[in-house]
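Chains, contacts and geometry: an overview
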Amino acid sequence: MVTSLYGKPVAELLDIAFRQSPAKEALYDGTRRWTFADLHAEAENVAGGLVRLGIRPGDRVAVCLPGWYEFIVIVYAIAKVGAIIVPFNTRYREMEAEHILRDSGARAVFFPKEYDQVSQLDQLLSIRQRLPGLEFLIPVRFKHEGMTDYEALAEMGKGQTLPKPDVNVKDDVYALIYTSGTTGKPKGVMLTHHNLIQTSIKSVLAIKAGPSDVFLQASPFFHIMGLAAILRLVICQAKMVLLEYYKAERVLELIEREKITIHPGVPAMFALELNHPDFRNYDLSSLRVAIMAGAPCPVEIIRRVKAEMGCPVLVSYGMTETSPSLTITDFDDDDIIQSETVGRAMEGVELKVVDDNRKEVPRGQVGELAARTEGLMKGYYNLPHMTREVVDEEGWFYTGDLAVMDERGYVRIVGRKKDMIIRGGYNIYPREIEEIFYTHPAVMEAAIVGLPDSVLGEVSCAAIRLKPDMRATPDELKAFIADKIADYKRPDHIVIVDDMPKTASGKIMKHELKETILQKGQVALR
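Residues numbered from 1 in each chain as written. Predicted model: local features only at pLDDT ≥ 70, side-chain atom pairs only at ≥ 80, totals over all residues. Heavy atoms only, no water.

Here we take up the overall build of the protein chain. When helices and strands are tallied, the protein chain shows 16 helices and 25 strands. When each of the 526 residues of the protein chain is scored for burial, the buried share is 60%. Taking the intrachain contacts of the protein chain between residues at least 6 apart in sequence as the baseline, contacts between residues at least 24 apart amount to 68%. As displayed, the protein chain has an accessible area near 22,000 Å², and 48% of this comes from carbon and sulfur atoms. Treating the 64 positive side-chain charges of the protein chain as one cloud and the 73 negative ones as another, the clouds have centres 2 Å apart. (Helix = DSSP H or I, 4+ residues; strand = E, 2+ residues; numbered from the N terminus. Buried < 20%, exposed > 50% of the residue type's maximum accessible area, 1.4 Å probe, protein only. Contact = heavy atoms within 4.5 Å. Areas by Shrake-Rupley, 256 points an atom, 1.4 Å probe, with all protein chains shown as cover. Lys, Arg positive; Asp, Glu negative; His and termini not counted. Charge placed at Lys NZ, Arg CZ, Asp CG, Glu CD.)

Okay, the pattern of salt bridges next. Within the structure shown, the criterion is met by 31 salt bridges. A salt bridge links D487 to R91; the shortest N-O distance between them is 3.0 Å. Taken together, the residues D487 in the loop between α15 (474-482) and β25 (493-496) and R91 in the loop between β4 (84-87) and α4 (94-104) connect sequence positions 396 residues apart. Relative accessible area serves as the criterion here: at 29%, D487 is assigned to the partly exposed category. (Salt bridge = Lys/Arg side-chain N within 4 Å of Asp/Glu carboxyl O.)

This model, assessed by the stated rule, comprises 2 cavities of 30 Å³ or more. Of the pockets and cavities examined, the largest cavity occupies roughly 50 Å³. Forming the walls of the largest cavity are Q198, T199, K202, S325, M346, E347, G348, V349, T373 and E374. Counting residues per element, the lining of the largest cavity draws most heavily on helix α7 (residues 193-206), which supplies 3 residues. When its residues are assigned to classes, the lining of the largest cavity shows 2 nonpolar, 5 polar and 3 charged. Taken as a whole, the second largest cavity encloses approximately 30 Å³ of empty space. Grouping the constituent residues of the lining of the second largest cavity by class yields 4 nonpolar, 2 polar and 2 charged. (1 Å grid on protein atoms, 1.4 Å probe; cavity = no way out; pocket = protein on both sides within 12 Å on 5 of 7 lines; lining within 4 Å. Points joined across faces, edges and corners; volume = space filled by probe spheres on them. Nonpolar A, V, L, I, M, F, W, Y, C, P; charged D, E, K, R; others polar.)

We now examine the layout of surface pockets. Taken as a whole, the second largest pocket holds about 240 Å³ of empty space. Forming the boundary of the second largest pocket are 15 residues, of which A11, D15, K80, K164 and P165 lie nearest the centre. Per-element tally for the lining of the second largest pocket: the top contributor is helix α1 (residues 10-20), with 3 residues. Of the residues belonging to the lining of the second largest pocket, the class tally is 8 nonpolar, 2 polar and 5 charged.

This brings us to the side chain of T320. Following the sequence through the fold, T320 ends up in the loop between β13 (313-318) and β14 (325-328). Exposure remark for T320: the relative accessible area of 14% places this residue in the buried category. Other than its neighbours up to four places away in sequence, T320 contacts I177, T179, V189, L191 and I224.

If you trace the 3 strands from one edge of the open sheet to the other, you get β23-β24-β25, paired in mixed fashion. Strand pairing shows two members of the sheet lacking a second neighbour, β23 (443-453) and β25, which therefore form its edges. Going across the sheet, the axis of each strand differs from the next one's by a mean of 25 degrees, ignoring polarity. One ladder, built from 10 bridges, connects β23 with strand β24 (residues 457-466); its direction is antiparallel. Residue pairing across strands places V443 opposite L466, the latter belonging to β24. Against the sheet, α15 contacts β23, β24 and β25, and its axis sits at roughly 130 degrees relative to β25. This element, helix α16 (residues 510-520), spans β23, β24 and β25 of the sheet and lies at about 70 degrees to β23. (Pairing = 2+ DSSP bridges. Axes fitted to C-alpha atoms, helices over the stretch in contact; angles between N-to-C directions.)

A few words now on helix α10 (residues 267-274). Taking burial as the measure, the 8 residues of α10 include 7 buried ones, the bulk of the element. By the burial criterion, the buried members of α10 are P267, A268, M269, F270, A271, E273 and L274.

Glancing now at the side chain of S325. Summarising the element assignment, S325 is placed in strand β14. Excluding residues within four positions of it along the chain, S325 makes contact with T199, S316, Y317, G318, M346 and V349.

Formed by 130 residues in total, the largest nonpolar core has its most connected members in Y76, F110, Y174 and V305. Element by element, the count of residues in this core is highest for helix α3 (residues 69-81), at 11 residues. The next biggest cluster of nonpolar side chains, apart from the first, holds 45 residues, and it includes A97, L121, L131 and I448. (Core = buried A, V, L, I, M, F, W, Y, C linked by side-chain atoms within 4.5 Å.)

The subject of this paragraph is unusual backbone geometry. In this structure, the amide linkage connecting S323 to the following residue, P324, adopts the cis form with an omega of -15 degrees. Turning to its location among the elements, P324 is positioned in the loop between β13 and β14. With a phi close to 65 degrees, R141 is a non-glycine residue in the positive phi region. Here R141 lies in the loop between β6 (136-139) and α6 (150-156).

Let us look at the pairing of β25. Pairing of β24 with β25 involves 4 bridges; the strand directions are parallel. Looking at the pairing, C461 lines up with H493 of β25.

Any pair of aromatic rings gets described here by the distance separating the centres and the angle formed by the planes. In the structure shown here, the tally under the stated rule is 7 aromatic pairs. Site record: aromatic cluster; members linked through ring pairs are W68, Y115 and Y245. Positioned above the aromatic ring of Y28, the side-chain terminus of R33 is 3.8 Å from the ring centre. (Phe/Tyr/Trp six-rings, centres within 6.5 Å; stacked < 30°, edge-to-face > 60°. Lys NZ or Arg CZ within 6 Å of the ring centre and 35° of its normal.)

See the structure below:
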């Protein structure tokens, strides 16, 4: 039973899977098949290599990799050393990556030479000149003079005796995951072994996953959902099929060939698959459940998944700060519940909806969603005052999402207090982008708003007010920001405005700005 894993540190998850199911296939990445024994052996070797480098319990080790098998190995290798993993996006530009590496105090980073048109090698060589504490750059799938690459690290770790770290499961941090916010630079969310494992176990139970299941992994590993997927795989000793780049046709092929049973994804993925011209030529009968999260789920997509893919749909909601899952729908819920709500609190999670004074409101009224869960972060790294802003003395975390809860406990998310935009499952935080536009010499004011999109759910639009007698075109502004921020954060649309609607205190009224842009038809929507 997976419940026997409560109270274990992350490293023991793979040890247990190895002992119980060594020959079982755990992973297929399109080129190679890995058993749990294979994963365990390589994780031991990489951990041994880290020890040889001098990585110790509590050290931070960053991982900037796509959805490669090495990421899974590294997750458990870091745990075996008792170190802390710091994953970050392969699309991050130098400024973004440097903030995370500097703030976390990472001693080492695993990285590809180039990915998503970003030269990680060039960026990290530049960053290391300013960060003497970043001692080890560890290339993955390439070699570079003067650096110990992944393969060499695993080789030098063979036969290394691994010290057994003394892990306090409830108190010791295993993951430091950076999440942006309206305050500007990303904050490091400290998640303990207990936070991550207990939430992953509850997720496994909710989706009724077991050793016979085959998970599709079409989303990146570097965010909380990716890390949760890696833990979930080993907890239920299932199999995972990796898809490095999302392509609807490739997904359909893999479902048929690998007999995938669990297909997680954002609604946009399912829309692309359902609308693929060859959709009906594929045998999808192995699918047991589709899990949707990360964006609002249109009722038509849910109905089509059930009817045309032939499997039930579960909708989930959570946040990095809560490890992540807070709610999920049930297998028996109807299409309306699954499209208009994010389900009810998962086992062990308490929810309430509160007003601006954090007093609970009656069911059916709009307010801010608050949660109390064993998955709640230890806090924001080196930001105790920011932690206190969102977590009260009784352990309630205030999500910043506006919601309504009905009498049965179903939660409907109706808005976001902090204006976050969700573009195809990726979170975009306007303040971070606005601050970059403000460094342009011609920009007087900048405001980022979300606009509806039939494929991605939302896209971002930058409204720019220029300084008197200054000129800049939308194309020039797009070029200005292109190399300063990850591509998915770049505004999909830029409009030049003469004025911004404001409150009496001078705050830009983004809702009114958005309505004006839509009413005037200033951008072409799809």
